[in-house]
Amino acid sequence: RGLGDVYKRQPGVSVLIKNTSQGTATDFDGLFTLKNVPSGSTLVFSSIGFSPQEVVVTSNNELTIIMKEDAESLESVIVIGYGTQKKKEVTGAVSIIDAKAIEKLNPVRVEQALQGQVAGVNVTSNSGSPGSGSNIRIRGITTNGDNAPLILVDGNRITDLSVINPNDIQSINVLKDATAGIYGVQAANGVILITTKSGKKNSELKFKFDAYTGFQSTSNKIDLLTAPDFARYVNDAADTTEFFVYPNQGTDWQDEVFETAAINSVNFSGNGGTEKSAYGFSVSYLNQDGIVGGSKNNFERITARINYQYDILDNLKLTANGLHTISQKQNLQEGGIGAVLYNAVNINPTMSVRDENGDFALANDISQIEIINPVAQIENTFNTSRVSKFSAVLGLDYTFLKNFKVSSKFQINHANVRDDVFRPEVFYGNGKAANFGDINDNNITNEVIDFGADYDDFTWDNYISYANTFNDAHDITVLLGTSIYRNKGFFYGTVGRTETGTCLLYTSPSPRD
């Protein structure tokens, strides 16, 4: 039960088990139910306009929590819909993560800043590899269609959060109910509003620099049979003796594919302002190796951002934002049959990584056609994804008759995506599905694949708003506007195969508007 200072039942209070993503929110009557809470866990209660509360659970008895109002927080302004409101005026389900909370988490991607921080928001990883994205679900999934929420960065629509450096974020606002309805059907799965850092008027130019280097390693491995145990198991299961001498040692394939991976991050930013302007800028660099595969599973990102606001007249304001991101990811096969980790946990532990000739050992004694030497698989993988994205926003706000404001905002996004794959002739063993080329035929030796796509979209928003306060107690805000959106894509691909003295190319452009 969540109560305010005047002991009124408080709806919409976020309730989370600390350091987990398990949580709920109080209902209209200020009540909540949270099942399977381990004894000794800490519950974190938070709500707009109230100071967070933490309570340690020692029994299954009913809890009554008194939320204390945060007067300073109530006066702060948050982004909501096509405008802003003071926290004390917000009536919908809105959750906020500020810059301090993000810096404490120190995430590589923005999704990691949301994970376990907001009740009703579920973040699941597609993969554990560096730079991989996550699925964000706000209050469950839809019956059909896309389940992803609408994401706006400084008002600009984006679909991929990898373009943003988490250190550039001032706040993340999550709209989870009818508050998101102003964006129409595109907000059916909720809205995430991200505001980046900027300067303030009449402030000195200040610079900030931070960098860190770290190392990552796996904290857990699957308990598998050792080579002697595997030999005993095979002998017990087979009709005839396979191993007459049990091996004293074998190969721990998990140790062979796991590495201590380095991560490096550098961030430089500055902000300031004059009497009529405010500005902020930043550049950052991130380089992260994979725990599986090391540099063969690397992620690298460079971002540059600039924000600028200028008062052309007392009632006419200009806003300009720009964001450019370049990223590169080395990819290994993952997620299911044929993945590196799949092979590492299924291959014969009595087999060595290399044979007596120094070549990669072949998995000929394993009948499953998908299981191959995982170390050889890593070595023979050359798969690179490159992304270059640019986003820009230009807006004008004109105020007249004291309570009216006209706004016009033009937004553009451009992305170039490239996938480059080199597949060398390789032999992993007799009948293996991953074999490429014919070891006994010189006709095909290797293959080069180059796929790409260009994406462009623009949005033009125009709206007029009226806001007024009557008798110092009644607020009214009216908004009327239009939004024009268009996107297009151009897809192309080239495949090259080397044969005896020739190189055959196939090009397949496929424009789409």
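These figures come from a predicted structure and were not determined experimentally.

Before going further, it helps to examine the confidence of the model for the protein. Considering every residue of the protein, the mean pLDDT works out to 83; 86% of them sit at 70 or more. Across residues 1–7, where pLDDT falls below 50, the model places 30 contacts with residues more than four positions away in sequence or in other chains. Note on residues 500–513: pLDDT under 50 across the span, and 34 contacts to partners over four residues away in sequence or across chains.

Here we come to the pattern of salt bridges. For the coordinates displayed, the defined rule picks out 16 salt bridges. Asp-311 is paired through a salt bridge with Lys-317; the nearest N and O atoms lie 3.2 Å apart. Given a relative accessible area of 13%, Asp-311 falls into the buried group. Here Glu-447 and Arg-497 are joined by a salt bridge, their closest N and O atoms 2.6 Å apart. Of this pair, Glu-447 sits in strand 23 (residues 446–470) while Arg-497 sits in strand 24 (residues 474–499); the two residues are 50 residues apart in sequence, bridging distant segments of the chain.

Taking strand neighbours across the sheet as the criterion, the five strands line up as 9-14-15-12-13 in an open arrangement whose pairing is mixed. Only two strands of the sheet have a single neighbouring strand rather than two, namely strand 9 (94–98) and strand 13 (156–158). Put simply, the sheet's adjacent strands are angled 25° from each other on average, direction ignored. Pairing of strand 14 (residues 169–175) with strand 15 (residues 191–196) involves six bridges; the strand directions are antiparallel. What sits directly across from Asn-173, in strand 15, is Leu-193.

Judged by pairing direction, the sheet is antiparallel, and its four strands sit side by side in the order 3-2-4-5 without closing on themselves. Taken across any chain shown, the strands that pair with only one partner, and hence form the sheet edges, are strand 3 (23–25) and strand 5 (53–56). The average undirected angle you get between the axes of adjacent strands in this sheet is 20°. Direction of pairing for strand 2 (residues 14–17) relative to strand 4 (residues 42–46): antiparallel, over a ladder of four bridges. Along strand 4, the bridge assignment pairs Leu-16 with Val-44.

Reading guide: rules and limits
- Residues numbered from 1 in each chain as written.
- Predicted model: local features only at pLDDT ≥ 70, side-chain atom pairs only at ≥ 80, totals over all residues.
- Heavy atoms only, no water.
- pLDDT = per-residue confidence, 0-100.
- Contact = heavy atoms within 4.5 Å.
- Salt bridge = Lys/Arg side-chain N within 4 Å of Asp/Glu carboxyl O.
- Buried < 20%, exposed > 50% of the residue type's maximum accessible area, 1.4 Å probe, protein only.
- Helix = DSSP H or I, 4+ residues; strand = E, 2+ residues; numbered from the N terminus.
- Pairing = 2+ DSSP bridges.
- Axes fitted to C-alpha atoms, helices over the stretch in contact; angles between N-to-C directions.

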